[in-house]
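# Chain and residue survey
Chain by chain, the residues run as shown.
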Amino acid sequence: MDKIIAACGNDCSSCPRYVAHPFKKTDEQLQHTAELWMKIGYRDRIVSKDEISCTGCKPENWCRYKVVKCCEDRGIKNCAECVEYPCANMKECFEVTRSFEPQCRKVCTDEEYEKLKKAFFEKEKNISLKSKVKKG
């Protein structure tokens, strides 16, 4: 299956929260993800399966970095298409994402970590590859 790369470089197709077809998750998988998110520090409590599940980024969704809204305002699909990439906002996004990696290595199983690595910790690589394809 092809990767689904979000505007910020996350790989939605690898994300344990992403539930859009054909990436449906069971209630047990979503519960596990909610527990993992608390263990990692992404959440301060175990949230409901409805709160943890995701169908993809939309401008109206909460995003600390407002990446989708920025892309929409600029008429582009993702940051790779932006002439200002990597902007200060995305550099901060990459840095904050990387800051969670040591905790993930500490509390996750190897399988959980590899899934999170693909989904989140390779966002800069994912978006940079798209940028090279676009500009090259």
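Procedures and definitions
- Residues numbered from 1 in each chain as written.
- Predicted model: local features only at pLDDT ≥ 70, side-chain atom pairs only at ≥ 80, totals over all residues.
- Heavy atoms only, no water.
- Helix = DSSP H or I, 4+ residues; strand = E, 2+ residues; numbered from the N terminus.
- Rg over C-alpha atoms; globule rule 2.2 N^0.38 Å.
- Buried < 20%, exposed > 50% of the residue type's maximum accessible area, 1.4 Å probe, protein only.
- Contact = heavy atoms within 4.5 Å.
- Areas by Shrake-Rupley, 256 points an atom, 1.4 Å probe, with all protein chains shown as cover.
- Lys, Arg positive; Asp, Glu negative; His and termini not counted.
- Charge placed at Lys NZ, Arg CZ, Asp CG, Glu CD.
- 1 Å grid on protein atoms, 1.4 Å probe; cavity = no way out; pocket = protein on both sides within 12 Å on 5 of 7 lines; lining within 4 Å.
- Points joined across faces, edges and corners; volume = space filled by probe spheres on them.
- Nonpolar A, V, L, I, M, F, W, Y, C, P; charged D, E, K, R; others polar.
- Expected span 1.5 Å × (residues − 1).
- Arc of directions from axis to C-beta.
- Core = buried A, V, L, I, M, F, W, Y, C linked by side-chain atoms within 4.5 Å.
- Salt bridge = Lys/Arg side-chain N within 4 Å of Asp/Glu carboxyl O.

### Concerning the overall build of the protein chain
Across its full length, the protein chain carries seven helices and zero strands. In sequence order, the protein chain lays out its α and β elements as α-α-α-α-α-α-α. Against the globule reference of 14 Å for 136 residues, the protein chain gives a C-alpha radius of gyration of 15 Å, in line with a compact fold. With respect to the principal axes defined by its C-alpha atoms, the protein chain has extents near 40 × 30 × 30 Å. Scored against the burial criterion, the 136 residues of the protein chain give a buried share of 40%. The contacts of the protein chain with a sequence gap of at least 6 include a subset with a gap of at least 24, amounting to 57%. For the protein chain, the exposed surface amounts to about 8600 Å²; the carbon and sulfur share of it is 51%. Charge centroids of the protein chain, computed over 27 positive and 22 negative side chains, lie 4 Å from each other.

### So, the layout of surface pockets
Size it by volume and the largest pocket reaches roughly 1000 Å³. Considering the residues around the largest pocket, the lining is formed by 34 residues, among which Asn-10, Arg-17, Arg-43, Trp-62 and Phe-120 are closest to the centre. Elements with a contribution of two residues or more to the lining of the largest pocket: α3 (67-74), α4 (88-99) and α6 (110-121). The residue inventory of the lining of the largest pocket, partitioned by class, reads 20 nonpolar, seven polar and seven charged.

### Brief notes about α6
Its 12 residues place the ends of α6 only 14 Å apart at the C-alpha level, less than the 16 Å of an ideal helix rising 1.5 Å per residue. Of all the positions in α6, only Glu-112, Tyr-113, Leu-116, Ala-119, Phe-120 and Phe-121 are classed as buried. The buried residues of α6 occupy an angular sector of 140° when the element is viewed end-on, so they sit on one face. Exposed residues pointing more than 90 degrees away from the buried face of α6 are listed as Asp-110 and Glu-111.

### Here's the deal with the nonpolar core
If you look at soluble globular proteins, the nonpolar side chains tend to sit buried side by side. Ranked by internal contacts, the top residues of the largest apolar core, which has 36 residues, are Val-67 and Leu-116. Only α1 (27-40), α3, α4 and α6 provide two or more residues apiece to this core. The contacts of Val-67, once residues within four sequence positions are left out, are Ala-7, Cys-8, Cys-79, Asn-89 and Met-90.

### Examining the pattern of salt bridges
Across all of its chains, the model carries seven salt bridges by this definition. Notably, a salt bridge pairs Arg-74 with Glu-84, separated by 3.3 Å at the nearest N-O pair. Pair noted here: Arg-74 is in helix α3 and Glu-84 is in the loop between α3 and α4, with a separation of 10 residues, a long-range link. Under the relative-accessibility criterion, Arg-74 is labelled partly exposed at 40%.

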